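Each chain is listed here by its residues.
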Amino acid sequence: MEIQRAEEADAGAILTVQRAAYVTEAQLYGDPFIPPLVESVEQVREAIRGGIVLKAVDGGRVVGSVRGRLSGATCLVGRLVVAPDQQGRGLGTALLRALHERVPEASAFDLFTGHLSEGNLRLYRRLGYRETRRERMDDHLTLVHLRR
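Residues numbered from 1 in each chain as written. Predicted model: local features only at pLDDT ≥ 70, side-chain atom pairs only at ≥ 80, totals over all residues. Heavy atoms only, no water.

**Here's the deal with the overall build of the protein**
Here is step 1: Tallying secondary structure elements over the protein gives 5 helices and 7 strands in all.
Here is step 2: Put simply, the protein runs from its N terminus to its C terminus through helices and strands in the order β-α-α-α-β-β-β-α-β-α-β-β.
Here is step 3: Compactness check: the protein gives a C-alpha radius of gyration of 14 Å against a globular reference of 15 Å for 148 residues, within 12% of the reference.
Here is step 4: With the C-alpha coordinates aligned to their principal axes, the bounding extent of the protein is approximately 40 × 35 × 30 Å.
Here is step 5: Out of the 148 residues belonging to the protein, those deemed buried represent 46%.
Here is step 6: A sequence separation of at least 24 residues applies to 59% of the contacts in the protein between residues at least 6 apart. (Helix = DSSP H or I, 4+ residues; strand = E, 2+ residues; numbered from the N terminus. Rg over C-alpha atoms; globule rule 2.2 N^0.38 Å. Buried < 20%, exposed > 50% of the residue type's maximum accessible area, 1.4 Å probe, protein only. Contact = heavy atoms within 4.5 Å.)

**Regarding the nonpolar core**
Here is step 1: If you look at the biggest cluster of nonpolar residues, it comprises 26 residues, and the most contacted ones within it are Val 77 and Tyr 129.
Here is step 2: Listing elements by their share of this core, those giving two or more residues are strand 2 (52-58), strand 3 (61-71), strand 4 (74-82), helix 4 (91-102), strand 5 (108-114), helix 5 (118-126) and strand 7 (141-147).
Here is step 3: Looking at this core element by element, the count peaks at 5 residues for helix 4.
Here is step 4: In this view, Tyr 129 contacts Val 77, Leu 96, His 100, Phe 109, Leu 111, Tyr 124, Leu 146, Arg 147 and Arg 148; residues no more than four positions away in its chain are not counted.
Here is step 5: Ranked by size, the runner-up nonpolar core spans 16 residues in total, among them Leu 15, Val 17, Ile 34 and Val 44. (Core = buried A, V, L, I, M, F, W, Y, C linked by side-chain atoms within 4.5 Å.)

**Examining the pairing of strand 4**
Here is step 1: For strand 3 and strand 4, the ladder comprises 7 bridges, and the chain directions are antiparallel. Across the sheet, the residue bridging to Gly 64 is Val 82, located in strand 4.
Here is step 2: Taken together, strand 4, helix 4 and strand 5 form a β-α-β motif whose crossover is right-handed. (Pairing = 2+ DSSP bridges. Right-handed = clockwise from strand over helix to strand, strands pointing away.)

**Some points on the pattern of salt bridges**
Here is step 1: What the rule picks out here adds up to 12 salt bridges.
Here is step 2: A salt bridge links Arg 67 to Glu 39; the shortest N-O distance between them is 2.8 Å. Of this pair, Arg 67 sits in strand 3 while Glu 39 sits in the loop between helix 2 (35-38) and helix 3 (41-50); the two residues are 28 residues apart in sequence, bridging distant segments of the chain. The exposure classification of Arg 67 matches that of Glu 39, with both residues buried.
Here is step 3: Between Glu 39 and Arg 79 there is a salt bridge; the shortest N-O distance is 3.4 Å. Here Arg 79 lies in strand 4 and Glu 39 lies in the loop between helix 2 and helix 3, a separation of 40 residues in the sequence.
Here is step 4: A relative accessible area of 7% places Glu 39 in the buried class. (Salt bridge = Lys/Arg side-chain N within 4 Å of Asp/Glu carboxyl O.)

**Re a positive patch on the surface**
Here is step 1: Taken together, the side chains of Arg 97, Arg 122, Arg 126 and Arg 148 make up a positively charged region of the molecular surface.
Here is step 2: Relative to the elements of secondary structure, Arg 148 occurs in the segment after strand 7. (Patch = residues over 30% accessible without salt bridge, like charges linked within 9 Å, V, L, I, M, F, W, Y side chains within 5 Å. Areas by Shrake-Rupley, 256 points an atom, 1.4 Å probe, with all protein chains shown as cover. Lys, Arg positive; Asp, Glu negative; His and termini not counted. Charge placed at Lys NZ, Arg CZ, Asp CG, Glu CD.)

**Brief notes about helix 5**
Helical periodicity: at 3.6 residues per turn, an α-helix aligns residues three or four positions apart in one direction.
Here is step 1: Within helix 5, burial applies to Leu 121, Leu 123 and Tyr 124. The arc that holds every buried residue of helix 5, seen down its axis, measures 160°, which confines them to one face. Structural note: helix 5 exposes Arg 122 and Arg 126 on the side pointing more than 90 degrees away from its buried face.
Here is step 2: Buried residues along helix 5 sit against strand 4, helix 4, strand 5 and strand 7.
Here is step 3: In the stretch just after helix 5, Gly 128 is the one whose phi turns positive, near 95°. (Arc of directions from axis to C-beta.)

If you want it as structure tokens, here you go:
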């Protein structure tokens, strides 16, 4: 498995992995219209053009991705995804570590996840992220904001 910088041509493959990875999140929160599931391929291309998007490739197949965008000295992390059949193998950890290494100018890394996403919260805490606040979005979703 290799981690590389994504190119615009990777947008479709990244979106496919993203949608597959977020289905369980949508089920967990009872919302099939969460932003990662309704994002367009053009929006993924824009993210690739406007920030740092890394992809994990195994045998020519995109199996994971993560996004980062600098805002001042803070890297805003988003859309950490791993193909469902590849989860539990350390790809999420590898992608986040690679993002940390490739954005050395960032003094902090910020991200968020849903309050019921225990696996995500464990991963982020293991990598040194600490909760900074909670934001209630509606009856079924509270976002947990974390910083490293």
